[in-house]
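# Understanding the architecture of this molecule
Single-letter residue listing:
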Amino acid sequence: MTIGIIKPILRDPAANPSCFPFRPAPAFLVLFPIPIVLFPRQLHIPPFPDPKLRMILYREPSGPPANHRRHSLFGKNRWLSGDFFLTLVVFIPYALQKILNMFTDKDLAQISAHGLTPEQVERQMSYFGSGFPYLNIDRPAVADDGIRTLDERQVAEYAKRYDEFSQGKRIVKFVPASGAATRMFKALFEYLESGVSNPATEELLANLDKFAFAEELRSRLGGETAPEKIIRGIVAREGLGYGSLPKALILFHRYGDGNRTALEEHLSEGALYAADRDGKVNVHFTVSPEHLNAFKARVGQVLPAFEKRYGVRYEISYSQQKPSTDTIAATPGGEPFREEDGSLLFRPAGHGALLENLNEIDADVIFIKNIDNVAPDRLKTDTVTYKKVIGGVMLALQQRCHSYLRSLYNGLNDKVLIGEIARFTEERLGQRLPRDFERLSLLQRADLLYKLLDRPIRVCGMVRNEGEPGGGPFWVTAPDGSQSLQIAESSQIAPGQRQLMNAATHFNPVDVVCGTKNYRGEHFDLRKYVDPSTGFISQKSKSGRELLAQELPGLWNGSMAHWNTVFVEVPVTIFSPVKVVGDLLRPQHQAQ
């Protein structure tokens, strides 16, 4: 039996009332039947057997706030608030009971049915209290300092290398396409709800005939010309139903032989740079279960014509976001959010959840591109050229990595070659070695370089920043002084470092090519290369009730944090996203 003094713990509750799913009690003395060993500067508590109690104590702060002292809980470093030496972390009976009863047997059954474990959900709940740490940004990646710039000769050379190196490779075009187009038509829904026109609806009505869906819309309207009828005909299910369809199935571009959806533009692109030597084009779409049949129906309608046009054979595959990648929602006070029937609420966790889908793709080369970033045929030249360029860069770097890895695996002890590999790692693989690298023994240096090279590789196209949205390229520093290239969103950058965003010259248009096999031809388990501390929390609502939602590390952000990453400058012409319906009126989406 041990007596301890309770102090404010694990951050200041006054500054962060959602730190715990209950209100902390005042300091008091309490008896608790757990043996505790106290040290002048360190507190050790033996592991608690109950996972519900562990969940509340388990926190992942990024580092110690001022005046916090170090202690150890369950073998992990944690932080306690207050100026004290003999502080005992113990809960009052009320709080303890609430922790143990956080999840009922019914909850545990629901968690299991979702494909999750209690430990995973407990970890998710812990992030609502601790938050996610900011990245330790050193500087933006710019031309010739993190972003490679290529001249015309190099562009032609790498495009040729891709054509040569990709022979005999299995190539897959991976297209995240499960999101609904709700945001694309948000302004139209607002008009229908309020009856008040807005700039977006006025622009649409004034230029209706310029949209590729205009002909089909007019045939559905039967001569109706009232603004409300037109707007409702676009988004409502009794019309085109675009308000509930995914972007992939919306008509984007007008052609003389038939207008095309975004899905069809990706099929066209795939034939131009992702066909293997046998003429097979593998395209993989991630879709929502409710839209799968519509995808298959559209593909069935258009595929014969595309195969005849391009002289290829398509292999189309689909996958759905796994329920096990959903995350639990919380109340603003940090408790599990519950539906009216008392069940827990789980929400899709953003595009980072698609890492599980990507991990199941068996390919040597995987191109990733968002569904809404497509161009008509007249503007595809740059897209195709630079897809081949980044593919050629990736295959060339991967080939060299694999050669070095074989040498290292065979017990390399050549100081000169170790130095060559270290220079390659820093100059070509987007890495800065740890500050103590030169003090390591030759064997230790070889071991470290092996670990750095033996990872998945990605090459990302970066566009000059012209005001478009997108994550930025940055150099991020690790605790050992090493640096790596990362794509960071604004939510991952501390307020005190926001000026670095203004200094960034490029942004990420989600133009990525991946190599996911090691030098032995084995597929990497991509889940091992995620930085789980790079998710983020946002405020949402459900049935008029506020809630906190949690997103997993983004697919091209924290989910690929521990990949070898290379940035290559590409022209802005390869970036023509459609975020709102008015974007379809931009010149790059209009027929000429």
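What you are looking at is a predicted structure, and each value in this text was computed from that prediction instead of being measured. (Residues numbered from 1 in each chain as written. Predicted model: local features only at pLDDT ≥ 70, side-chain atom pairs only at ≥ 80, totals over all residues. Heavy atoms only, no water.)

Mean pLDDT over the protein chain: 84, with 82% of residues reaching 70 or higher. Low pLDDT (under 50) marks residues 1-100, which in the prediction has 182 contacts with non-local residues, meaning those over four places away or in another chain. (pLDDT = per-residue confidence, 0-100. Contact = heavy atoms within 4.5 Å.)

With five of its five residues buried, strand β17 (residues 365-369) lies for the most part within the structure. Side chains V365, F367 and K369 project from β17 onto one buried face, and the interleaved I366 and I368 project onto a second face that is buried too. For strand β10 (residues 171-176) and β17, the ladder comprises four bridges, and the chain directions are parallel. Bridging from a neighbouring strand, F174 pairs with I368 of β17. In terms of strand pairing, β17 meets strand β23 (residues 511-515) through four bridges, oriented antiparallel. By the bridge assignment for β23, I366 is matched with C514. (Buried < 20%, exposed > 50% of the residue type's maximum accessible area, 1.4 Å probe, protein only. Helix = DSSP H or I, 4+ residues; strand = E, 2+ residues; numbered from the N terminus. Pairing = 2+ DSSP bridges.)

All right, on to the environment of R445 then. Looking at the element boundaries, R445 is found in helix α15 (residues 442-453). A relative accessible area of 13% places R445 in the buried class. Each C-alpha atom of the pair R445 and G419 lies 9.2 Å from the other, and the pair is 26 residues apart in sequence. When sequence neighbours within four positions are dropped, the list of residues in contact with R445 reads I418, F437, E438 and L440.

By size, the foremost hydrophobic cluster in this structure holds 49 residues, and its most contacted members are F185, F213, I234, F285 and Y314. For this core, the secondary structure elements donating two or more residues are α6 (186-194), α8 (214-221), α9 (227-235), β11 (251-253), α10 (262-273), β13 (280-286), α11 (292-310) and β14 (313-319). Tallying contributions element by element places α11 first for this core, with six residues. With near-sequence residues (within four places) excluded, F213 lies in contact with L208, I234, L240, Y242, L251, V581 and L584. Counting residues in hydrophobic clusters, the runner-up holds 47 residues, among them F424, L449, Y519 and F575. (Core = buried A, V, L, I, M, F, W, Y, C linked by side-chain atoms within 4.5 Å.)

Here we come to the packing of aromatic side chains. Here the distance between the centres and the angle between the planes together describe a pair of aromatic rings. In the structure shown here, the tally under the stated rule is 15 aromatic pairs. Plain terms: the ring middles of F185 and Y242 are 6.1 Å apart, the flat faces sit at 35° to each other, and that makes the pair tilted. In this pair, F185 sits in the loop between β10 and α6 while Y242 sits in the loop between α9 and β11, placing the two residues 57 residues apart along the sequence. Considered together, F185 and Y242 belong to a single accessibility category, that of buried residues. Residues F306 and Y310 carry aromatic rings whose centres are separated by 6.2 Å and whose planes lie at 15° to one another, so their mutual orientation is stacked. Remark: Y310 and F306 occur in helix α11; sequence separation between them is four residues, near one turn of the helix. Ring pairing ties together the aromatic residues F185, F211, F213 and Y242, which thus form one cluster. (Phe/Tyr/Trp six-rings, centres within 6.5 Å; stacked < 30°, edge-to-face > 60°.)

In this section: the environment of G131. Positionally, G131 belongs in the loop between α4 (118-130) and β7 (137-140). When its relative accessible area of 19% is taken as the criterion, G131 is described as buried. As a C-alpha pair, G131 and F536 span 405 residues in sequence and 7.6 Å in three-dimensional space.

Here we come to the pattern of salt bridges. Scanning all chains against the criterion turns up 34 salt bridges. A salt bridge links R254 to E215, with the shortest nitrogen-to-oxygen separation between them at 3.1 Å. Taken together, the positions of R254 in the loop between β11 and β12 (260-261) and E215 in helix α8 put the pair 39 residues apart, joining distant regions of the chain. Residue R254 is classed as partly exposed on the basis of its relative accessible area of 27%. In this structure, D362 engages K517 in a salt bridge whose closest nitrogen and oxygen atoms are separated by 3.2 Å. Of this pair, D362 sits in the loop between α12 (355-359) and β17 while K517 sits in the loop between β23 and β24 (536-542); the two residues are 155 residues apart in sequence, bridging distant segments of the chain. (Salt bridge = Lys/Arg side-chain N within 4 Å of Asp/Glu carboxyl O.)

Here four strands make up an open sheet; going across it, the order is β7-β20-β21-β18 and the pairing antiparallel. The open sheet has two edge strands with one neighbour each: β7 and β18 (431-432).

Another aspect to go through is the packing of helix α13 (residues 380-409) against α15. One can describe the packing of α13 onto α15 by two numbers: an axis separation of 10 Å at closest approach and a directional angle of 145°. Seen from above, α13 lies across α15 with left-handed handedness. Between α13 and α15, the residues in contact are C401, Y404, L405, L408 and Y409 and A446, L449, Y450 and L453, respectively. Across the contact of α13 with α15, the residue classes tally to nine nonpolar, no polar and no charged. (Axes fitted to C-alpha atoms, helices over the stretch in contact; angles between N-to-C directions. Left-handed = near helix turned anticlockwise from the far one by under 90°. Nonpolar A, V, L, I, M, F, W, Y, C, P; charged D, E, K, R; others polar.)

Let us now look at the packing of α6 against α9. Axis separation between α6 and α9 bottoms out at 10 Å; the angle between their running directions is 130°. The angle between α6 and α9 falls in the class oblique. When you trace α6 past α9, the crossing you get is left-handed. Here L188, F189, Y191 and L192 of α6 lie close against α9, whose contacting residues are P227, E228, I231, R232, I234 and V235. Taken together, the residues of the contact of α6 with α9 sort by class into eight nonpolar, no polar and two charged. (Parallel < 35°, antiparallel > 145°, perpendicular 65-115°, else oblique.)

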